[in-house]
There are 2 protein chains.
Amino acid sequence: MPTHHTVRSFDEELKYLEAKIAEMGGHAERMIERAINAVVHDDLHLASEVIAEDVILDESEREIDEKAVTIIAKRQPMAVDLREIIGAIRISADLERVGDMGKNIAKRAPAIAETRQPATFYRGLEAFASLALNQLKEVLDAYASRSVERIDAVRERDEEIDAMYTSLFRELLTYMMEDPRNITACTHLLFCAKNIERIGDHATNIAETLHYIITGSYLATERPRDDLTYKLGVSGLTEK
Amino acid sequence: MPTHHTVRSFDEELKYLEAKIAEMGGHAERMIERAINAVVHDDLHLASEVIAEDVILDESEREIDEKAVTIIAKRQPMAVDLREIIGAIRISADLERVGDMGKNIAKRAPAIAETRQPATFYRGLEAFASLALNQLKEVLDAYASRSVERIDAVRERDEEIDAMYTSLFRELLTYMMEDPRNITACTHLLFCAKNIERIGDHATNIAETLHYIITGSYLATERPRDDLTYKLGVSGLTEK
C-alpha cells in the first residue's frame, strides 16, 4: 500500500483513499465483534482494549478528510473522480461512527456484567450483531467492487435488522418487568442493541453513498432508516 | 436570499450555502422544540407533524451536497473557500441528524403518552432540551459570525449536557424500579433523553468543523463526545 510520501499519480491517490476506507472498515468490524464478545463474556479487559482502539478510526477519518481536500485542491477533479473523493469523506464518517458504536457497547460491559440475563438473550444479541456486521461487510465488498447491483440487497436486508431489533427490545422489556433487579443491566443492553441497529443504518448510508459515487444520482426511494420499537406501547406489551 | 437560478458570482454561491445552512439550523431547532412539546403535552397531532417535517431537512442536505459538488467542479476553489464548501457538507449532515433526533422523539410520543411520569420529570426533560438547543443556537451563531472565540464556549458547555443527561437517566431508572408499569414509557423517555444528548454531540461536531473552516487545522484536544451513564451500574443505583 502506498504511503503519503510515495503517492504520485492521481490514480494512486484515489487508490490510497480506497485502501484507507477498506482498512477502516476492517478495523470497525473487529471493534464491534470484540465489543460484543466483551459484553457476552463479561470480559472487562477486552472492553477496555476496544475503547482504547477507537482513536485509530478517529485518526483515519481525519487523514482521509485532509487527503481528500488536498487532492481536490491539487487535482481539481470532475464528475466521477470528484464523487469518489466526496464519497470517501462520507463513508469514512460512517465508519468512524461504527467504531463509536463499538466503543459505546464496550463501555457498558461493566454495568451489564453486574447481573446476568438468560443465556438465550446473549445468543440473540450475538446473532443480531452478526447480522449487522454482515450488512457492513456486504456494503464494503460492494464498495470495493463498485457494484451497483449489490446495493439493493444491502438496503433490503435492513428490514431484517429492524425486525430483530424490535424482538430484542421486547425481550429486554419483559426481563425488566419480571424483576426490577434486571432494570439497570437491561437498560444498558437496550442501548447496546440500539447501537447495533445503528450499524445497520450506517451500512445503509454507505450503500446510498456508493450509489451516488457510481451513478451520480441519489436513490429515489430512500429506505427509511427506521427504529420500529417506538410502536411498542404499554398496551402491546402487558398483554404478553 | 438568492435562488439556484439567480446565483452568479462565486461569493453569491458561498452565501447561498451559508443561508441554506442557517435555514436548516432554524428548521432543526423548531423540530426539536415541537417534538419535546408533543411528548410533554401528549400532543400526538403535533408529533405526527414533526415526523412529516423531517423530509425537509433530508432534501436540504441533498441540495447542499449537490450544490457543493457543482461549485467545487466549476470554481475549483482553494484553501479557505474549499474548506467553506467541505464544511457546509459536514454541517448540513449534522443538522440533518438533529432533525432525525426530533423525528425519533416525536415517534415515541404515543408510547410515552400511555403512562404519565411525575410532572417534575417532564420539566427536567424540557430543561435538558433547552440546554441542548441553546448549544445548537450558539454554534450556529458562531458559524454565522465565523467566530473562533465562541467555539470554546460551546465545547465547554457540552459537559453540562453530559451531567444533566446522567441525572435524567438515573431518575428514569428509579421510576422504573418503583413501578414496573412505568418501564415501557420510561424506556422510550430514556431514548428521548439520549436523542437530546446527541444534539449536544452534533453541536460539538459543528464547532469542530467551524474551527477547521476558519483555521484550516483540526482541534488538538478533541472534547470527548461522551455519554457518562455507562458508569451507572447496579451497585450505584440500588443504594439511592
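- Looking at an unreviewed UniProt entry, one finds chain A named Phosphate-specific transport system accessory protein PhoU, with Bartonella tamiae Th239 as its source organism.
- In the Sequence similarities (unreviewed entry) part of its UniProt record, chain A is described as follows: "Belongs to the PhoU family."
- According to its UniProt record, chain A has this under Subcellular location (unreviewed entry): "Cytoplasm".

### With respect to the relation of the copies chain B and chain A
A rotation about some axis, followed by a shift along it, carries one copy of the chain onto the other.
Phase 1: Expressed as a screw operation, the relation of chain B to chain A combines 0.0 Å of axial shift with a rotation of 180°, fitting to an RMSD of 0.0 Å. On the angle and the small slide along the axis, the relation comes out as a two-fold axis. Among all residues of chain B, the minimum C-alpha distance to the rotation axis is found for Gln76 of chain B, at 2.9 Å.
Phase 2: Comparing contact sets, 100% of the residues at the interface of chain B also lie at the interface in chain A, consistent with an isologous, same-surface contact.

### A few points about the UniProt feature "domain: PhoU" (unreviewed entry) in chain A
Residue and element names in this part refer to chain A.
Phase 1: Taken from the UniProt record, the annotation "domain: PhoU" (unreviewed entry) applies to residues 21-108 and 128-209.
Phase 2: Structurally, residues 21-108 comprises 93% helix and 0% strand, and the distance from its first C-alpha atom to its last is 27 Å.
Phase 3: Within the segment residues 128-209, helix and strand shares are 91% and 0% respectively, and the terminal C-alpha atoms sit 24 Å apart.

### Notes on the interface of chain B and chain A
Phase 1: If you look at the interface, chain B gives 50 residues, while chain A gives 50 residues.
Phase 2: The interface formed by chain B and chain A contains two salt bridges.
Phase 3: Across the pair Asp65 of chain B and Arg90 of chain A runs a salt bridge whose closest N-O atoms are separated by 2.8 Å.
Phase 4: Applying the counting criterion to the chain B and chain A interface returns two residue pairs in polar contact (both at pLDDT 80 or more).
Phase 5: Those elements that provide at least two residues to the side of chain B that touches chain A are helix H2 (44-75), helix H3 (79-113), helix H5 (149-178), helix H6 (183-215) and helix H7 (234-238) of chain B.
Phase 6: Per-element accounting of the side of chain B that touches chain A gives the leading share, 11 residues, to H6 of chain B.
Phase 7: Tallied by class, the residues present in the side of chain B that touches chain A amount to 24 nonpolar, 10 polar and 16 charged.

### A word on the pattern of salt bridges
Residues and elements named next belong to chain A.
Phase 1: Applying the stated criterion to the full structure yields 34 salt bridges over all chains.
Phase 2: For Lys74, the salt bridge is made with Glu13, and the minimal N-O distance between the two is 2.8 Å. Pair noted here: Lys74 is in helix H2 (residues 44-75) and Glu13 is in helix H1 (residues 10-40), with a separation of 61 residues, a long-range link.
Phase 3: For Glu13, a relative accessible area of 2% gives the class buried.
Phase 4: Each of Glu13, Lys74 and Arg75 takes part in one network of salt bridges that share partners.

### Quick look at the packing of aromatic side chains
Any pair of aromatic rings gets described here by the distance separating the centres and the angle formed by the planes.
Phase 1: Enumeration according to the criterion identifies 11 aromatic pairs over all chains in this entry.
Phase 2: Note on Phe121 of chain B and Tyr122 of chain B: the rings are 5.8 Å apart at their centroids and 75° apart in plane angle, and the pair reads as edge-to-face.
Phase 3: The buried category is assigned to Phe121 of chain B, whose relative accessible area is 0%.
Phase 4: Residue class for Tyr122 of chain B comes out buried when judged on its relative accessible area of 3%.
Phase 5: Measuring from centroid to centroid gives 6.1 Å for Phe121 of chain B and Tyr175 of chain B, while their planes differ by 85°, and the two rings are edge-to-face. With Phe121 of chain B in helix H4 (residues 119-145) and Tyr175 of chain B in helix H5, this residue pair connects regions lying 54 residues apart in the sequence.
Phase 6: What makes Tyr175 of chain B buried here is its relative accessible area of 10%.
Phase 7: Taken together, the aromatic side chains of Phe128, Tyr165, Phe169 and Phe191 of chain A together with Phe128, Tyr165, Phe169 and Phe191 of chain B make up a single cluster linked through ring pairs.
Phase 8: A cation over an aromatic ring shows up here: Lys67 of chain A above the ring of Tyr16 of chain A, its NZ or CZ 5.6 Å from the ring centre.
Phase 9: Looking at Arg90 of chain B, its charged tip hangs above the ring of Tyr212 of chain B, at a distance of 4.7 Å from the centre.

Reading the values: the criteria
- Residues numbered from 1 in each chain as written.
- Chains lettered and ligands numbered in written order.
- Predicted model: local features only at pLDDT ≥ 70, side-chain atom pairs only at ≥ 80, totals over all residues.
- Heavy atoms only, no water.
- UniProt positions renumbered as here; feature names shortened; annotations may be inferred.
- Least-squares fit on C-alpha atoms with pLDDT ≥ 70 in both.
- Contact = heavy atoms within 4.5 Å.
- Helix = DSSP H or I, 4+ residues; strand = E, 2+ residues; numbered from the N terminus.
- Salt bridge = Lys/Arg side-chain N within 4 Å of Asp/Glu carboxyl O.
- Polar contact = N/O pair within 3.5 Å; in protein donor to acceptor, adjacent residues only side chain to side chain.
- Nonpolar A, V, L, I, M, F, W, Y, C, P; charged D, E, K, R; others polar.
- Buried < 20%, exposed > 50% of the residue type's maximum accessible area, 1.4 Å probe, protein only.
- Phe/Tyr/Trp six-rings, centres within 6.5 Å; stacked < 30°, edge-to-face > 60°.
- Lys NZ or Arg CZ within 6 Å of the ring centre and 35° of its normal.

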